[in-house]
Amino acid sequence: MPLGHYLLPCVVTRYAVVEELAGLGVTVHTCSRNEAQLNECLPEWKVKGFRVTGSICDVVSRTQREELMSTVSYMFNGKLNILINNVGTTKSKPTLEYTSEDFSYLISTNLESAYHMCQLAYPLLKASEAGSIVFVSSVAGVVAINTGGSIYSAAKGAVNQLAKNLVCEWAKDNIRSNSVAPWYIRTPLTDTYSNILAPSERFQPKREELHESR
Ligand SMILES: NC(=O)c1ccc[n+]([C@@H]2O[C@H](COP(=O)([O-])OP(=O)(O)OC[C@H]3O[C@@H](n4cnc5c(N)ncnc54)[C@H](OP(=O)(O)O)[C@@H]3O)[C@@H](O)[C@H]2O)c1
């Protein structure tokens, strides 16, 4: 992995990704809506010798996304090697119970923000001459896992297709695009499934359902 500048919109997996990248000697800029948490992390990373900065940003806000990328452009002299679109959220409900507000919020957080971050990052990624975009998608965007998250799943499926399109469209600019699709990882995000799955089922794929949905 080349050393360079990284922007990581996200947090729990953010700790792991920030520390992995910063441990390799790269400069990372991350973001969070939680100022207190960010202010706790930044000095800890500094003590570890990591070069990590951070901004407060709610990626649902178009203006805040633009401000974030302006900050990154300023800090990294107009060049960015990797954009990691890690932000994600879900609300677990049967499809018929979702409201239009749920739909807007989940699509905005999981899909629109990543789409717009790519648009904003494009000139910086191109300027680096070795750009890479990583989308954190989900197995739920590939197969139906029946945990009451049809909007989340649709958004993650769209993220996968977005990644494929950018591969073709931006390869000429030396920008790679990849989508990572994790299975369950115990984080605050998976608490949302607790009302749907029994504890014994929560982190285990139902193999027959996966096969059926292919
Ligand atoms: N955990 C799993 O089982 C699993 C499986 C497949 C895919 N994923 C994907 O992995 C990624 C990371 O999720 P996670 O499991 O680490 O969950 P998490 O602990 O809930 O982390 C999600 C992070 O996204 C950030 N975020 C959410 N909405 C945001 C917003 N509007 N503006 C800015 N930041 C926002 C939050 O940061 P702040 O609260 O600090 O703002 C939060 O820390 C997500 O894309 C998720 O869909 C997770």
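Provided above is the structure to which this section pertains.
No experiment lies behind these values; they were computed from the predicted model shown. (Residues numbered from 1 in each chain as written. Predicted model: local features only at pLDDT ≥ 70, side-chain atom pairs only at ≥ 80, totals over all residues.)

Time to look at the packing of helix H4 (residues 100-128) against helix H5 (residues 150-170). For the pair H4 and H5, interaxial distance at closest approach is 9 Å and the crossing angle is 15 degrees. Classified by the angle between their axes, H4 and H5 sit roughly parallel to one another. Handedness of the H4/H5 crossing: right-handed. Along its contact with H4, which presents Asp102, Phe103, Leu106, Ile107, Asn110, Leu111, Ala114, Tyr115 and Cys118, the element H5 presents Ile151, Tyr152, Ala155, Lys156, Ala158, Val159, Leu162 and Leu166. Among the residues making up the contact of H4 with H5, the classes are represented as 14 nonpolar, one polar and two charged. (Axes fitted to C-alpha atoms, helices over the stretch in contact; angles between N-to-C directions. Helix = DSSP H or I, 4+ residues; strand = E, 2+ residues; numbered from the N terminus. Parallel < 35°, antiparallel > 145°, perpendicular 65-115°, else oblique. Left-handed = near helix turned anticlockwise from the far one by under 90°. Contact = placed C-beta atoms within 7 Å. Nonpolar A, V, L, I, M, F, W, Y, C, P; charged D, E, K, R; others polar.)

It is worth spelling out the environment of Asn165 at this point. If you trace the backbone, Asn165 turns up in helix H5. Between the alpha carbons of Asn165 and Ser177 there is a distance of 8.8 Å; along the sequence they are twelve residues apart.

We now examine unusual backbone geometry. Non-glycine residue Asn77 carries a positive phi angle of around 50 degrees. Inspection of the secondary structure assignment puts Asn77 in the loop between helix H3 (62-75) and strand S4 (82-85). A positive phi angle is found at Glu129, which is not glycine, with a value near 65 degrees. Positionally, Glu129 belongs in the loop between H4 and strand S5 (131-136).

Keep in mind these numbers describe shape, not what the thing actually does.
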